[in-house]
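Summary of structural features
What follows is the residue order along each chain.
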Amino acid sequence: MPSKAASSLAHAQMFSHFCLFQAVVFFLAFLLPACFEPDCANAASPLTVVNDTHADILNIRVQPESGKGYFWRLDLAPGARDVVDNPGGRATLRIDTGLQLWTFAPVSLDGIGELIFCGEHPACVAFAGDNAKEHIGGSIRDLVPQTGHKPVCALEEFRPRMTMREVCERIEPGAPVDDCGAVLAGLGFAGMTWAGRLAPVQTGPVTGESLLEHLELRQPLTAGSAERLLQALMAKGYVPWQAEMPGMELNFADMPPDAPGRMELLRQAVEKFIKSEKTGLIKANPLDVEPEASIILAPASMLASLANADAPEKDVQIYTVILKPASGTLLLDVAAYQGENTQS
């Protein structure tokens, strides 16, 4: 059993260590700045974002009346919801649906528990919180050039190492960007007008020139628009490589490009999918995923080699057509891959 002196010494040492610990914590607290970022758990409260519209909600830009703006990245299909951190305060909200930008004048986020985008009319948001449920209307900016308006630029191909200047010289310096820094601009492609999303990447401090890393094109989905796009891509010498739809997977790599019924099979599958009634989501179920159909197209002359190789031998451009009936969106993803024989 320890002596009284030894016990007193032990308590003194424990007290000394505790005081030192308090001093270190106080010193660190003095040096570290207070957290004002929206993702700070201590400064924010949970906010549920509900998409009750018929559009996708890709992201929300939050611009406080004072301070730096930030994004909530969501990718909410119609009927879905997600939870974000709400730091409160007054802020302007800009909602990116892929086809439109909705902007809401500065609103107070203090005490708001739910942010509900309602489907009664376009650009409508309801705030559910401590007080009541308040509906607010916003302004709409179409990203797809409307009838009578020409797109900013027309693009016919996307090559590896292609600069943003080569893609389009007329993009305004103040053009809107999304949460990943992609420039939003109206583009023409395959004789159709699109809402373009051009993601740049810097080549380095030497040249300072931006290359186009990724390209997405969107427009409203109809049976006619999907058929017209597929026809335009096939006119460029492209053929289906793979197709995936709910309950169906098609692989065309082993079929001759001119196989009888090849394209008719694809057309029927696309038409059936677009007309299908099984495209809705169970509301307020965050685990549901919007039913989609995707079709990958590759050059007919390279299809066999692409299907049996880890990387292309020469530069190639691959198209992925995505049909999203729930939000009425036709999405064309354009990717350019550098061939092994063309790398410097």
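Everything below is about the structure printed above this text.
A brief look at the structure comes next. (Residues numbered from 1 in each chain as written. Predicted model: local features only at pLDDT ≥ 70, side-chain atom pairs only at ≥ 80, totals over all residues. Heavy atoms only, no water.)

This brings us to the environment of E209. Mapped onto the fold, E209 is located in the loop between β13 (192-202) and β14 (210-220). For E209, a relative accessible area of 35% gives the class partly exposed. In this structure the C-alpha to C-alpha distance between E209 and T163, which are 46 residues apart in sequence, comes to 7.2 Å. (Helix = DSSP H or I, 4+ residues; strand = E, 2+ residues; numbered from the N terminus. Buried < 20%, exposed > 50% of the residue type's maximum accessible area, 1.4 Å probe, protein only.)

Two measures define how a pair of helices packs: the angle their axes make with one another and the distance between the axes. At a minimum axis separation of 10 Å, helix α3 (residues 223-235) and helix α4 (residues 262-275) run at an interaxial angle of 155°. The angle between the axes of α3 and α4 places the two elements in the roughly antiparallel class. At the point where α3 passes α4, the crossing takes the right-handed sense. Residues A223, A226, E227, Q231 and M234 of α3 pack against M263, R267, V270 and I274 of α4. Each residue belonging to the contact of α3 with α4 can be placed in one class, and the counts come to 6 nonpolar, 1 polar and 2 charged. (Axes fitted to C-alpha atoms, helices over the stretch in contact; angles between N-to-C directions. Parallel < 35°, antiparallel > 145°, perpendicular 65-115°, else oblique. Left-handed = near helix turned anticlockwise from the far one by under 90°. Contact = heavy atoms within 4.5 Å. Nonpolar A, V, L, I, M, F, W, Y, C, P; charged D, E, K, R; others polar.)

Right, let's get into the sheet that holds strand β10 (residues 139-142). Strand order in the open sheet formed by 5 strands is β3-β2-β5-β6-β10, and the pairing between neighbours is antiparallel. One side of each edge strand has no neighbouring strand; the edge strands of this open sheet are β3 (70-76) and β10. Put simply, the sheet's adjacent strands are angled 20° from each other on average, direction ignored. Looking at chain direction, strand β2 (residues 57-64) and β3 are connected through 5 bridges and run antiparallel. (Pairing = 2+ DSSP bridges.)

This next bit is on unusual backbone geometry. Even without being a glycine, D75 presents a positive backbone phi close to 55°. According to the relative accessible area criterion, D75 is exposed, its value standing at 56%. The residue A123 is not glycine, and still its phi comes out positive at about 50°. Along the chain, A123 falls in the loop between β7 (112-117) and β8 (124-129).

Core analysis: the largest hydrophobic core is formed by 44 residues, its most contacted members being F189, L215, L229, L233, V321, L323 and L332. It is α3 that contributes the most residues to this core, 6 residues altogether. Apart from residues no more than four positions distant in its own chain, L233 is found in contact with F189, Y238, L297, Y319, V321 and L332. Residues L47, V62, W72 and A91 belong to the second largest nonpolar core, which totals 25 residues. (Core = buried A, V, L, I, M, F, W, Y, C linked by side-chain atoms within 4.5 Å.)

Here the structure, examined in full by the defined rule, presents 2 disulfides. A sulfur-sulfur separation of 1.9 Å characterises the disulfide bridge that pairs C118 with C124. The sign of the -80° torsion about the S-S bond sets the C118-C124 disulfide as left-handed. Of the two residues, C118 and C124, neither departs from the other in class, the shared state being buried. Through a disulfide, C153 is tied to C168; the S-S separation comes to 1.6 Å. Handedness of the C153-C168 disulfide follows from its S-S torsion of about 65°: it is right-handed. Here the residue C153 occupies a position in strand β11 (residues 153-154), and C168 occupies one in the loop between α2 (164-167) and β12 (183-189), the gap between them amounting to 15 residues. Taking the relative accessible area as the measure of exposure, C153 reaches 6% and is therefore buried. Residue class for C168 comes out buried when judged on its relative accessible area of 6%. Among the cysteines of the chain that take part in disulfides, numbered as they appear in the sequence, the pairing is 1-2, 3-4. (Disulfide = S-S within 2.5 Å.)

Right, let's get into the pattern of salt bridges. Tallying each qualifying case throughout the model produces 12 salt bridges. Between E156 and K236 there is a salt bridge whose closest N-O contact spans 3.2 Å. Of this pair, E156 sits in the loop between β11 and α2 while K236 sits in the loop between α3 and β15 (238-245), placing them 80 residues apart in sequence. Its relative accessible area of 33% is what places K236 among the partly exposed residues. Here R161 makes a salt bridge to D315, at a shortest N to O gap of 3.2 Å. Of this pair, R161 sits in the loop between β11 and α2 while D315 sits in the loop between α5 (303-307) and β18 (316-324), and the two are 154 residues apart along the sequence. For R161, a relative accessible area of 44% puts it in the partly exposed group. One network of salt bridges, with partners in common, ties together D56, E292 and K324. (Salt bridge = Lys/Arg side-chain N within 4 Å of Asp/Glu carboxyl O.)

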